[in-house]
There are 2 protein chains.
Amino acid sequence: MSQPQINHIVITREPGGPDVLELVERDIPVPGPGEILIRNTACGVNRPDQIERLGFYPAPPGAPEGLGLEVSGHVVALGEGVTGHTIGDAVVALVAGGGYSEHVVAPAGSVLPAPSGVDLVDAAGLPETVFTVWTNVFEIGALSRDETLLVHGGTSGIGTTAIQMAKAHGARVIATAGTPDKLALCRKLGADIAINYREEDFETVVNEAGGADVILDMVGGSNVQKNINCARAGARIVSIAFLQGSRCELDLMRVMLKRITLTGSTLRARPVEEKARLAAAIHKTVWPWIEAGQVIPVVDSRFALADAASAHERLDSGQHSGKILLTC
Amino acid sequence: MSQPQINHIVITREPGGPDVLELVERDIPVPGPGEILIRNTACGVNRPDQIERLGFYPAPPGAPEGLGLEVSGHVVALGEGVTGHTIGDAVVALVAGGGYSEHVVAPAGSVLPAPSGVDLVDAAGLPETVFTVWTNVFEIGALSRDETLLVHGGTSGIGTTAIQMAKAHGARVIATAGTPDKLALCRKLGADIAINYREEDFETVVNEAGGADVILDMVGGSNVQKNINCARAGARIVSIAFLQGSRCELDLMRVMLKRITLTGSTLRARPVEEKARLAAAIHKTVWPWIEAGQVIPVVDSRFALADAASAHERLDSGQHSGKILLTC
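Treat the numbers as computed from the prediction; the structure is a model and nothing was measured.

Let's talk about the overall build of chain A
The secondary structure content of chain A amounts to ten helices and 16 strands. What you see for chain A is a C-alpha radius of gyration of 19 Å, in line with the 20 Å of a compact globule of 328 residues. When its C-alpha atoms are laid out on the principal axes, chain A stretches across 60 × 40 × 35 Å. Within chain A, counting contacts between residues at least 6 apart in sequence, those at least 24 apart form 68% of the total. In chain A, the 27 positive side-chain charges and the 37 negative ones have mean positions that sit 7 Å from each other.

Right under this line is the structure:
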């Protein structure tokens, strides 16, 4: 936790492959009212970072410069009016950008105490996936204990988190993945059924298992109709990304007849107040699961901040299981 | 209110045009436990009746024989255990079939007192549209007073009811229709903006007016993407029919970015207990609007029960505004 005079951050020089990422020097930011300055221990690498690197996901207005949506670290300065945090506290934070850095400023409402029992580097991989799964599966999807969650990409950061949180909640979980190793990981994390989508038709398998009540989808494309076809009456299908594209040919008849809800959301552009509300709910419900070991950050690999390009090569390859982290 | 010894009902001889409707004789049904026998004064003609006549909308199991989903009339017999209704009461009822008849049996929970101040023939046009608008716009759509409803087919039975109920609630209403006369009727019923969809692009007009929070759609097809495009952040788009077909090419990106909900429902197949719950909510909230004259049944035309074929010709023509009724 040395205190450099300058702040190294990773920016995207121009849209492109991993090699457009560049470590540059900036002044250490000063926290404004209601903000906290964090000396980062690590930051998480997420799918939206890749899309932003490619030039398709501009940062919302006012976001810190550079890539990166989540960090772990220690509080080093408090802006005006911040209460409930103390300098030196180990924390994790959701940020609207700039997480690939040595220092970042976060709204106090997006900062949570680092959960006990979790390595502080690994904890950097929690905020983005936990906030995303909480709001999409638990709030928007309203998954109840006697229901079934279908999650695609079961070994992605989102997938590993969704499987564990849904199981901690008491629900049944079906996950899809593309290799035997990834299927084994899904099962190890608690998935009741793991489907190799390359070898089996997930729609058929899910229907044979009685259908899904909540479906978390980041695939889009032809997946969406198949989700509709294996959704139970009253199901909620929540799209959080479109890796196969957002254009779909759909027959909405079953949406009407089964009273299905098709919806989706993004996290980054939500107002600070909304993120603070989510953080409070997560602190109350999900933090105990994490501290009890029911939900653990599943880490694929760690890279140095200066080697963010290698981390993105790993992300682009799709071979990772769990989170890729940068140590700051 | 003569009491015939036999019951005349209208059935569909075979799938086809209006001339397949046939008046036949049946025994007067006997109400089972929890059911009420009604001597019908009139019944409403609805779009689902047309689809059923064409052979595409089979009746749910246990539904009374014949077409017709709503009636007005008088209670003539009570099944075992029915309370809160008395023989001779003027009532309206939602039925799962068999409304085109002199007598029909309805579950007691689907029977409401005829609202005061409304002609009992006209009142037959209330249940199907009021239940449909209530559940889709108010419950599923959760329209609030400070929001905007967009309703397509503003002069259909559903449309005229949706405009009036949303205005009685205090919301802003935008309606679409296809002729100057129909636009004038939308405005007369309270629509703040009426759009001629043949001459103007409704997506553009709605966006210029600030967008819609709840959209009630019975068109489907290319309308769905346009609904998505003029929906406000957090909007709910509810499909209740697909006159242009249920197959759509959609780009779901805006559904995710604007956190839109695409959903839909049908009324007929819902369990009796669910309809009773809806009836109680409607009696509490919508009946006062009707009795205060804020929501009136808009009647296009009346035909004799034996002339149901002419009523269906009128429905098929699409020239009607408001409800078509059969007098029993």
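Quick word on the packing of helix α3 (residues 127–140) of chain B against helix α9 (residues 272–291) of chain B
Residues and elements named next belong to chain B. Two numbers describe how α3 lies on α9: the axes approach to 10 Å, and their chain directions differ by 90 degrees. Relative to α9, α3 is oriented roughly perpendicular. Here Val130, Phe131, Trp134, Thr135, Phe138 and Glu139 of α3 lie close against α9, whose contacting residues are Lys275, Arg277, Leu278, Ala279, Ala281, Ile282, Thr285, Val286, Trp287 and Trp289. Split into classes, the residues belonging to the contact of α3 with α9 amount to eleven nonpolar, two polar and three charged.

Examining the pairing of strand β4 (residues 70–78) of chain A
Residue and element names in this part refer to chain A. Taken across its nine residues, β4 has eight buried, putting it largely inside the fold. Bridge count between strand β3 (residues 35–45) and β4: seven bridges; the pairing is antiparallel. Within β4, the residue paired with Ala42 across the bridge is Ser72.

As for α9(B)
All names here are of chain B. Considering bend angle alone, the principal kink of α9 is centred on His283 and spans about 45 degrees. All of the buried residues along α9 are Glu274, Lys275, Leu278, Ala279, Ile282, Val286, Trp287, Trp289 and Ile290. Taken together, the buried residues of α9 touch β5 (90–94), β7 (111–113), α3 and α4 (157–169). Backbone geometry just downstream of α9 places Gly293 in the positive-phi region, at approximately 80 degrees.

So, the packing of aromatic side chains
Applying the stated rule across the entire model yields four aromatic pairs over all chains. Geometrically, the ring pair formed by Phe138(A) and Trp289(A) is tilted, given 5.9 Å between the ring centres and 50 degrees between the ring planes. Taken together, the positions of Phe138(A) in helix α3 (residues 127–140) and Trp289(A) in helix α9 (residues 272–291) put the pair 151 residues apart, joining distant regions of the chain. This pair shows no difference in class: Phe138(A) is buried, exactly as Trp289(A) is. Geometrically, the ring pair formed by Trp134(B) and Phe138(B) is stacked, given 5.2 Å between the ring centres and 10 degrees between the ring planes. Note that Trp134(B) and Phe138(B) are positioned in helix α3 at a spacing of four residues, about one turn of the helix. Taking the ring centre of Phe202(A) as reference, the NZ or CZ of Lys226(A) above it sits at 5.3 Å.

Quick word on the relation of the copies chain B and chain A
For the match of chain B to chain A, the screw axis carries a shift of 0.0 Å, the RMSD comes to 0.0 Å, and the turn is 180 degrees. Considering both components of the superposition, the chain copies are consistent with a two-fold axis. Here 100% of the interface residues in chain B have copies in chain A that are interface residues too; the copies meet face to matching face.

Thresholds applied
Residues numbered from 1 in each chain as written. Chains lettered and ligands numbered in written order. Predicted model: local features only at pLDDT ≥ 70, side-chain atom pairs only at ≥ 80, totals over all residues. Heavy atoms only, no water. Helix = DSSP H or I, 4+ residues; strand = E, 2+ residues; numbered from the N terminus. Rg over C-alpha atoms; globule rule 2.2 N^0.38 Å. Contact = heavy atoms within 4.5 Å. Lys, Arg positive; Asp, Glu negative; His and termini not counted. Charge placed at Lys NZ, Arg CZ, Asp CG, Glu CD. Axes fitted to C-alpha atoms, helices over the stretch in contact; angles between N-to-C directions. Parallel < 35°, antiparallel > 145°, perpendicular 65-115°, else oblique. Nonpolar A, V, L, I, M, F, W, Y, C, P; charged D, E, K, R; others polar. Buried < 20%, exposed > 50% of the residue type's maximum accessible area, 1.4 Å probe, protein only. Pairing = 2+ DSSP bridges. Bend = angle between axes of the 7 residues up to and from the residue. Phe/Tyr/Trp six-rings, centres within 6.5 Å; stacked < 30°, edge-to-face > 60°. Lys NZ or Arg CZ within 6 Å of the ring centre and 35° of its normal. Least-squares fit on C-alpha atoms with pLDDT ≥ 70 in both.

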